[in-house]
Amino acid sequence: MAQVLLIDDSAFTRKMMKNILEPAGHTVVEASSGEESLKKYMEDKFDCIFLDLLMPDMSGFEVLEELRKLHNEVPVIVLTADVQETSKEKCLQLGASEFTNKPLNKDKDHIIQLVEKYSSQG
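Here goes a summary of the coordinates provided. (Residues numbered from 1 in each chain as written. Predicted model: local features only at pLDDT ≥ 70, side-chain atom pairs only at ≥ 80, totals over all residues. Heavy atoms only, no water.)

It is worth spelling out the packing of aromatic side chains at this point. Aromatic rings in a pair are described by how distant their centres are and how their planes are angled relative to each other. In the structure shown here, the tally under the stated rule is 0 aromatic pairs. One cation-aromatic arrangement involves Lys-90 over Phe-61; the distance from NZ or CZ to the ring centre is 4.4 Å. (Phe/Tyr/Trp six-rings, centres within 6.5 Å; stacked < 30°, edge-to-face > 60°. Lys NZ or Arg CZ within 6 Å of the ring centre and 35° of its normal.)

Structure (structure tokens):
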């Protein structure tokens, strides 16, 4: 199964994602900030990354920019409450593979499908 890096400053969102992904057999490594996520990215190998856009220390856009500098090949799925089309376009231009919206409670199957889709590409 997949090893997922989950980057979100919301403990509630991280818990919800773990409750979706771990019962499906995936391993979830949590990062509560952009800086922490880059450290974990460098320390381990991941099959896919879920990334929030709005975080206090580094935005998701800044994380995407840093991952690009590191020649990231791990699929990044942006998971955000930001529904602006311009945000989606910017994420895709910065190398995100997918853009999906919160809240998660009604999209459990979709989240699992995204992990399976992108982790199988590796």
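Next, the rest of the story.
We now examine the environment of Asp-107. Following the sequence through the fold, Asp-107 ends up in the loop between β5 (98–101) and α5 (108–119). Accessibility expressed as a relative area gives 23% for Asp-107, which makes it partly exposed. Remark: the alpha-carbon pair of Asp-107 and Ile-20, spanning 87 residues in sequence, is separated by 9.5 Å. (Helix = DSSP H or I, 4+ residues; strand = E, 2+ residues; numbered from the N terminus. Buried < 20%, exposed > 50% of the residue type's maximum accessible area, 1.4 Å probe, protein only.)

This paragraph deals with the sheet that holds strand β4 (residues 76–80). Paired through their backbone hydrogen bonds, the strands of a sheet run either parallel or antiparallel. Taken in spatial order, the 5 strands make up an open sheet running β2-β1-β3-β4-β5, and their pairing is parallel. Of all strands in the sheet, those bounded by a partner on one side alone are β2 (27–31) and β5. This sheet shows a mean twist of 20° between the axes of neighbouring strands, independent of strand direction. Relative to β4, strand β3 (residues 48–51) runs parallel, the two being bridged by 3 bridges. What sits directly across from Leu-51, in β4, is Val-78. Most of the contacts of helix α2 (residues 34–43) go to β2, to which it runs at about 135°, and overall it touches β1 (3–7), β2 and β3. (Pairing = 2+ DSSP bridges. Axes fitted to C-alpha atoms, helices over the stretch in contact; angles between N-to-C directions. Contact = heavy atoms within 4.5 Å.)

Scanning the model with the defined rule gives 6 salt bridges in all. In this structure, Lys-69 and Glu-66 form a salt bridge, with 3.2 Å as the shortest nitrogen-oxygen distance. Here Glu-66 and Lys-69 lie together in helix α3 (residues 60–69), a separation of 3 residues that amounts to about one turn. The closest approach of N and O atoms between Glu-98 and Lys-117, which form a salt bridge, is 3.7 Å. Remark: Lys-117 occurs in helix α5 and Glu-98 occurs in strand β5; sequence separation between them is 19 residues. Exposure remark for Lys-117: the relative accessible area of 42% places this residue in the partly exposed category. (Salt bridge = Lys/Arg side-chain N within 4 Å of Asp/Glu carboxyl O.)

Pairing between β4 and β5: 4 bridges, direction parallel. Counterpart to Leu-79 in the pairing with β5 is Thr-100.

Another point: the side chain of Ser-87. Turning to its location among the elements, Ser-87 is positioned in helix α4 (residues 85–93). Apart from residues no more than four positions distant in its own chain, Ser-87 is found in contact with Leu-53, Phe-61, Asp-82 and Phe-99.

Another point: the environment of Ala-24. When you line up the elements, Ala-24 lands in the loop between α1 (11–21) and β2. Ala-24 sits 61 residues away from Glu-85 along the chain, and the two C-alpha atoms are 31 Å apart. Contacts of Ala-24, omitting those with residues within four sequence positions, involve Met-1 and Ile-112.

Before going further, it helps to examine the pairing of β1. The element β1 is extensively covered by neighbouring structure, given that 5 of its 5 residues are classed as buried. Here β1 shows a buried face lined by Gln-3, Leu-5 and Ile-7 and a second buried face lined by Val-4 and Leu-6. As paired elements, β1 and β2 share 5 bridges and run parallel to each other. What sits directly across from Gln-3, in β2, is Thr-27. Across 4 bridges, β1 lies against β3 in parallel orientation. Bridge pairing in β3 places Ile-7 opposite Leu-51.

Honestly, it's all geometry; don't read function into it.
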